[in-house]
Every structure is written in structure tokens, then in C-alpha cells.
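Per-entry structural report
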Amino acid sequence: MATRYQHRIGVRAEICFDLTLDARNPTPEQLCDVVAEVLRQAADSDGALKLSVLPGGVVYPEWNSVDAELEPSRILDPSAIRMFDCIEIDSIQ
């Protein structure tokens with residue numbers, strides 16, 4: 001069997017999640033403190049976010065804002081992809 005490679009890639013995205021607050025119009029400082037705490041709790045030991053932990057958590061990748069029917073060539077801009085790591089693997093499980 002030929003050697004295969006597993007790549008860890010990243011795509012710029014906007015993270016959206018729900019917050020329940022007591023204040024109707026929190027100050028930017030209050031909002032920043034709450035968001036930072038929620039993101040800290042959702043992060044793993046490497047600082048990566050576990051979206052399943054965030055209530056209503058979804059990610060909107062950069063390509064999500066492009067209408068594929070109107071601009072099929074812009075579905076995913078290659079500059080939006082970053083490779084973080086590459087490892088050689090013997091078999092895919």
C-alpha cells in the first residue's frame with residue numbers, strides 16, 4: 001500500500017454562539033469579559049475550540065459568504081487555507 005499523508009489544515013472562519021446575559025445592552029468591556037471566559041472554557045489544552053461545548057455553536061467558513069451559483073470560482077479562496085502539520089500514516093482508520 002502506498003504511503004499516505006494526513007494534513008491538518010485551517011480555514012479562516014467566523015464563530016457564532018449564544019450567550020445568556022442579565023444585561024440587555026452590555027458594555028463592550030462586559031461583553032469582552034464574558035466572551036473571553038466562555039472561549040477559555042471551550043478551549044482544549046492546545047487552545048483549540050471545541051464547538052460542541054458552545055451553546056448553538058456553529059462556524060461560518062470564509063467561503064460560506066460566497067454565493068456558489070453567482071461566483072462558482074470563488075467558493076474557497078486558496079489563501080483562506082493554512083496547513084499546520086503533516087504526518088505520514090500507514091493506514092486510515
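Structure first, text after, so check above.
In this report, the structure presented in the accompanying data block is examined. (Residues numbered from 1 in each chain as written. Predicted model: local features only at pLDDT ≥ 70, side-chain atom pairs only at ≥ 80, totals over all residues. Heavy atoms only, no water.)

When you go through the protein chain residue by residue, the secondary structure sums to one helix and four strands. Mapped from its N terminus to its C terminus, the protein chain presents α and β elements in the order β-β-α-β-β. Within the protein chain, buried positions represent 8% of all 93 residues. At a minimum sequence separation of 6, the contacts of the protein chain that also span at least 24 residues come to 69%. Accessible area of the protein chain: about 7,800 Å², with a carbon and sulfur share of 51%. (Helix = DSSP H or I, 4+ residues; strand = E, 2+ residues; numbered from the N terminus. Buried < 20%, exposed > 50% of the residue type's maximum accessible area, 1.4 Å probe, protein only. Contact = heavy atoms within 4.5 Å. Areas by Shrake-Rupley, 256 points an atom, 1.4 Å probe, with all protein chains shown as cover.)

As a further point, take the pattern of salt bridges. Pairing between side chains of opposite charge can happen when the charged atoms of each approach one another. Taken as a whole, this structure holds one salt bridge when the rule is applied. Among the ionic pairs, Glu 37 bridges to Arg 40, the shortest N-O distance being 2.5 Å. A residue pair is termed a helical-turn pair when its members lie 3 or 4 positions apart in one helix, as Glu 37 and Arg 40 do in helix α1 (residues 28–42) at three residues. Classification of Glu 37 by relative accessible area gives partly exposed; the value is 33%. Overall, Arg 40 belongs to the exposed group, its relative accessible area being 53%. (Salt bridge = Lys/Arg side-chain N within 4 Å of Asp/Glu carboxyl O.)

Its location among the elements puts Ala 13 in strand β2 (residues 13–16). With a relative accessible area of 42%, Ala 13 lands in the partly exposed category. Taking the C-alpha atoms as reference, Ala 13 lies 5.4 Å from Tyr 60; in sequence the two are 47 residues apart.

Okay, the environment of Met 83 next. Positionally, Met 83 belongs in strand β4 (residues 81–89). Classification of Met 83 as exposed rests on a relative accessible area of 53%. Put simply, Met 83 and Ile 9 are 74 residues apart on the chain and 4.3 Å apart in space, counted from C-alpha to C-alpha. Leave out the neighbours within four places in its chain, and Met 83 touches His 7, Arg 8 and Ile 9.

On to a nonpolar patch on the surface, then. A contiguous nonpolar surface patch, about 190 Å² in accessible area, is contributed by Ile 15, Leu 49 and Val 59. Within the element layout of this structure, Ile 15 appears in strand β2. On the basis of relative accessible area, Ile 15 is assigned to the partly exposed category, the value being 36%. (Patch = residues over 30% accessible without salt bridge, like charges linked within 9 Å, V, L, I, M, F, W, Y side chains within 5 Å.)

Interpretation note: all reported values are geometric properties and have no functional meaning in isolation.
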